[in-house]
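# Architecture and fold: a report
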Amino acid sequence: MSRHPFPAHGPLVLAPMAGVTDLAFRTICARLGASVTVTEMVSSRALVYQDRKSVTLLKRTPGDGLCGAQIFGNDPAIMAQAAQLVLTHGEFDFIDINMGCPVPKIANNGDGSALMKDPDLAARIVEAVAEAVPVPVTVKTRLGWDKGSIHVVDFAKRMEDAGAAAITVHGRTKTMMYSGVADWDTIAKVRQVLTVPLCANGDVDSAEAAVRCQKRTNADMIMIGRAAFGDPWLFQQSLAALNRQPVPERPPLSQRVDVAVEQFELARADKGEHIACLEARKHFAWYLRGVAHSTYYKEKISHIGSMDDIYAIAKGIQRDLR
């Protein structure tokens, strides 16, 4: 399958991140320049066994741009069945297969980055999923398991041959987790062997970094992950830089807090006030990263229990901080 979901949709992708890229955050990022977003990763087995919690991750709205659902697992038949189930829960534009998650409980179970150790199985999974669904299938992976097994060039080509319509490469090995420096030069080597679009991921933490990454890797798309925590304006800034336009300043803190509150209201509509408020504790703290004299409010944020708490804290920040 050579169809891919990305032409004419712009170059910036919000990385799928467990516990972060819920419907609310995806909607905000899409509005601020993320051309493509991806759900939190969903267990294929959990979907097939009808786990309710997994199904709740598969929501989308017309406002969240081009959106894919990411699944993980290591059984081709179950992955194929899960991919079909995904499309009964939401009109997703593509299915993304996780072959890069380095977290021990995923990798030690043979899922995520463990699939890089078994290219034959990985290829069978891509074939099975691509045959099972009418939408394009993409793969997100890493350089390899460790520095002694960096084989992503061959691996990515193999996934394309199996039917992957686009490949994302995070420029780190499994054992690096999220430490060290992303290797953009190896991603550039992947670009040379693929005919499908390539998305580069790793260390894109500023508009300037997005431009450097694109130049170094020659990737079709740039994926932004942890740097977007509490800073969805990074997409707006990176998009401008990639298009050689003036890079806009981040809005003043009071406006950023308004966007944070809107995100929490979207989360409340999606999951209810209790869960939305518990999750707002980390997100709201991220919005205050680097803000001088914000310790007092970060302490208050760690105890948020209701939307009224959020409104009161937002008002205080807008009154007291700049």
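Our subject in this report is the structure included herewith. (Residues numbered from 1 in each chain as written. Predicted model: local features only at pLDDT ≥ 70, side-chain atom pairs only at ≥ 80, totals over all residues. Heavy atoms only, no water.)

### So, the overall build of the protein chain
So the rule is basically this: Runs of H or I in DSSP of at least four residues are treated as helices and runs of E of at least two as strands, each being numbered from the N terminus. Note on classification: 1.4 Å probe, protein chains only; a residue is buried when its accessible area is under 20% of the maximum for its type, exposed when over 50%, partly exposed between these limits. We call two residues in contact when some of their heavy atoms are within 4.5 Å. The Shrake-Rupley method, run with a 1.4 Å probe sphere, supplies the accessible areas, and residue values consider only the shown protein chains as cover. Only four residue types enter the charge count, namely Lys and Arg as positive and Asp and Glu as negative; His and the chain termini do not. In this description, the location of a charge corresponds to atom NZ of lysine, CZ of arginine, CG of aspartate or CD of glutamate.
Of regular secondary structure, the protein chain possesses 14 helices and nine strands. Considering only C-alpha atoms, the protein chain reaches an extent of 60 × 45 × 35 Å along its principal axes. Counting across all 322 residues of the protein chain, residues that qualify as buried make up 57%. Contacts in the protein chain between residues at least 24 apart in sequence constitute 70% of all its contacts with a sequence separation of at least 6. Accessible surface, the protein chain: about 13,800 Å² in total, of which carbon and sulfur atoms supply 51%. Across the protein chain, the mean location of the 37 positive side-chain charges is 4 Å away from that of the 35 negative side-chain charges.

### Overview of the pattern of salt bridges
Opposite charge on two side chains permits them to pair, given that their charged atoms come into close proximity. Inclusion rule: For this analysis, a salt bridge means a side-chain nitrogen from Lys or Arg found within 4 Å of a carboxyl oxygen belonging to Asp or Glu.
This model, assessed by the stated rule, comprises 13 salt bridges. Asp270 is the salt-bridge partner of Lys59, the closest N and O atoms lying 2.8 Å from each other. One end of the pair, Lys59, is in the loop between helix H3 (52-56) and strand E4 (66-72); the other, Asp270, is in helix H11 (residues 253-271), with 211 residues separating them in the sequence. Exposure remark for Asp270: the relative accessible area of 16% places this residue in the buried category. A salt bridge links Asp93 to Arg60, with the nearest nitrogen and oxygen atoms 2.9 Å apart. Of the two residues, Asp93 is situated in the loop between helix H4 (76-89) and strand E5 (94-99) and Arg60 in the loop between H3 and E4; the sequence distance between them amounts to 33 residues.

### Brief notes about the packing of H4 against helix H6 (residues 119-132)
Our working definition: Fitted lines through C-alpha atoms serve as axes, helices being fitted only where they are in contact, and the angles separating the N-to-C directions of these axes extend from 0 to 180 degrees. Crossings are assigned a handedness: left-handed for a near helix turned anticlockwise from the far helix by less than a right angle, right-handed for a clockwise turn.
Where H4 contacts H6, the two axes come as close as 8 Å, and the packing angle between them is 35°. Where H4 crosses over H6, the handedness of that crossing is right-handed. Residues Pro76, Met79, Ala80, Ala83 and Gln84 of H4 form the contact with H6, whose own contacting residues are Leu121, Arg124, Ile125, Ala128, Val129 and Ala132.

### Looking at the packing of aromatic side chains
Using the following cut-off: Classification of ring pairs rests on two measures: the distance between centres of Phe, Tyr or Trp rings, Trp counted by its six-membered ring, which must be within 6.5 Å, and the angle between planes, read as stacked under 30 degrees, edge-to-face over 60 and tilted in between.
Per the counting criterion, the structure on display carries four aromatic pairs. Centre to centre, the rings of Trp233 and Tyr287 are 6.1 Å apart; their planes meet at 80°, and the pair counts as edge-to-face. With Trp233 in helix H10 (residues 233-242) and Tyr287 in helix H12 (residues 273-287), the pair connects residues that are 54 residues apart, well separated along the chain. Each member of the pair, Trp233 together with Tyr287, is buried. Ring centres of Phe264 and Phe284 lie 5.3 Å apart, and the angle between their planes is 55°; this geometry places the pair in the tilted category.

### Side note on the environment of Ala107
Tracing the backbone through its elements, the reader meets Ala107 in helix H5 (residues 104-107). Between the C-alpha atom of Ala107 and that of Glu160, which follows or precedes it by 53 residues, the distance is 22 Å. Every residue in contact with Ala107, bar those within four places of it in the chain, is listed here: Cys101, Pro102, Ser113, Ala114, Trp145 and Lys174.

### Quick look at the packing of H11 against helix H14 (residues 307-320)
Note the cut-off: If an angle is under 35 degrees, it is roughly parallel; if it is over 145, roughly antiparallel; if it lies from 65 to 115, roughly perpendicular; otherwise it is oblique.
At a minimum axis separation of 9 Å, H11 and H14 run at an interaxial angle of 175°. Here H11 lies roughly antiparallel to H14, going by the angle between them. Of the residues in H14, those touching H11 at Leu253, Ser254, Val257, Asp258, Val261, Phe264, Glu265 and Arg268 are Met307, Ile310, Tyr311, Ala314, Ile317 and Gln318.

### Considerations on unusual backbone geometry
Even without being glycine, Asp203 reaches a positive phi, approximately 65°. The topology assignment puts Asp203 in the loop between strand E8 (198-201) and helix H9 (207-217). Looking at Asp203, the relative accessible area reads 27%, which means it is partly exposed. Of note in this structure, Arg244 is not a glycine but carries a positive phi near 55°. With respect to the element layout, Arg244 can be found in the loop between H10 and H11.

### Quick word on the nonpolar core
Formally: To form a nonpolar core, buried Ala, Val, Leu, Ile, Met, Phe, Trp, Tyr and Cys residues must be joined to one another through side-chain atoms within 4.5 Å.
Residues Ile95, Ile97, Met99, Val129, Met159 and Ile167 are the most contacted members of the largest nonpolar core, which totals 73 residues. The greatest single-element share of this core, amounting to seven residues, is contributed by H6. Each residue touching Met159, except ones within four places of it in the same chain, is listed here: Met99, Pro119, Ala122, Ala123, Val126, Val139, Ala164 and Ile167. Counting 24 residues, the second largest nonpolar core, distinct from the first, contains Ala280, Tyr287, Ile313 and Ala314.

Such coordinate-based values are descriptive only and should not be taken to indicate function.
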